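# Architecture at a glance
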Amino acid sequence: MELAQLKTYTEEDYYSLPEDVRAELVDGQFYYMASPSRIHQEILMELSATIRDYIRSKKGDCKVYPAPFAVKLSADNDKTIVEPDISVICDKSKLTDRGCSGAPDWVIEIISPSTASHDYVRKLNLYLDAGVKEYWIIDPADKSIYVYFLEKDHFKARHYTFQDRVKAGIYDDLWIDFKELDL
C-alpha cells in the first residue's frame, strides 16, 4: 500500500488564498493562523510604533512592517512565505508590491499557545538559514523575550522579561524598555 502524498503548495497558491484567510507557507505546506489576542495586538502596536519612531528620529532608511505582511525569505524559493508579526527591512531593494523578497534584518514574533513550537523551532531555523540578523520571540503568557542574534558563524541567545530594557542589536542605541510599554 502506498502512502498518501502531501500536496506541495507554491507562492501562486499562497497569493490565491481568500483575503480573509491568514496562513504561512513553509516548505510547500500551509500553516493557518488564528486571529491574534488583544494583548498580542497591543504588543504589536507598541513595538511597531517604538521602532518606527526611533528610525524616524534618526532619519534612518529601514522600514517597519507589522503583520499581515508577506515575507518571501528567499527570492528563489517559491515554497516558503511567512508573515512575521513585525519585520524591519533596511535594504529597500527587497521590498515589492507584495511584501518583502529576501530576509528582513530584524523579525519579531509574538507567540500564542497555538504557534509556540512553530515560532521557537521551525521559524528560528528558517530565519537563521535565510540570513535574518536578529529574531525576537515575545511570549505574553510568561512575559518573556528571547533575543537571537543569527549570524551564521556566531549564534547568540539572550532571555529577558517584561521588566527589562532590551537592546536592539541592529542599532547602536535603540533600547526598548518593556516596563514603559505598560503591558
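Below you will find a few notes about this structure.

## As for the state of the cysteines
- Summed over the entire model, instances satisfying the criterion amount to one disulfide.
- Through a disulfide, Cys62 is tied to Cys90; the S-S separation comes to 1.9 Å. Between Cys62 and Cys90, the disulfide has an S-S torsion of 100 degrees and is therefore right-handed. Residue Cys62 is found in the loop between helix H2 (38-57) and strand E3 (63-66), and its partner Cys90 is found in the loop between strand E5 (86-89) and strand E6 (95-96); the two are separated by 28 residues along the sequence.

## Some details on the pairing of strand E10 (residues 144-151)
- Counting buried residues in E10 gives six out of eight residues, a clear majority hidden from the surface.
- Between strand E9 (residues 134-139) and E10, which pair antiparallel in sequence order, lie four residues; one of them, Lys143, sits at a positive phi of approximately 50 degrees.

## Considering the pattern of salt bridges
- Applying the stated criterion to the full structure yields ten salt bridges.
- Among the ionic pairs, Glu24 bridges to Lys123, the shortest N-O distance being 2.6 Å. Taken together, the positions of Glu24 in strand E1 (residues 23-26) and Lys123 in helix H3 (residues 116-130) put the pair 99 residues apart, joining distant regions of the chain.
- Looking at Glu24, the relative accessible area reads 1%, which means it is buried.

## Re the layout of surface pockets
- Roughly 390 Å³ of volume is contained in the largest pocket.
- Residue lining of the largest pocket: 26 residues in total, with His40, Ile110, Ile111, Ser112 and Thr115 positioned closest to the centre.
- Every element with two or more residues in the lining of the largest pocket is listed here: strand E2 (29-32), H2, strand E8 (106-110) and H3.
- Of all the elements, H3 adds the most residues to the lining of the largest pocket, at three residues.
- Of the residues belonging to the lining of the largest pocket, the class tally is eleven nonpolar, seven polar and eight charged.
- Approximately 300 Å³ is the volume attributed to the second largest pocket.
- Tyr14, Pro18, Glu19, Val21 and Glu83 are, among the 13 residues lining the second largest pocket, the residues nearest its centre.

Each value, and the rule that gives it
Residues numbered from 1 in each chain as written. Predicted model: local features only at pLDDT ≥ 70, side-chain atom pairs only at ≥ 80, totals over all residues. Heavy atoms only, no water. Disulfide = S-S within 2.5 Å. Helix = DSSP H or I, 4+ residues; strand = E, 2+ residues; numbered from the N terminus. Buried < 20%, exposed > 50% of the residue type's maximum accessible area, 1.4 Å probe, protein only. Pairing = 2+ DSSP bridges. Salt bridge = Lys/Arg side-chain N within 4 Å of Asp/Glu carboxyl O. 1 Å grid on protein atoms, 1.4 Å probe; cavity = no way out; pocket = protein on both sides within 12 Å on 5 of 7 lines; lining within 4 Å. Points joined across faces, edges and corners; volume = space filled by probe spheres on them. Nonpolar A, V, L, I, M, F, W, Y, C, P; charged D, E, K, R; others polar.

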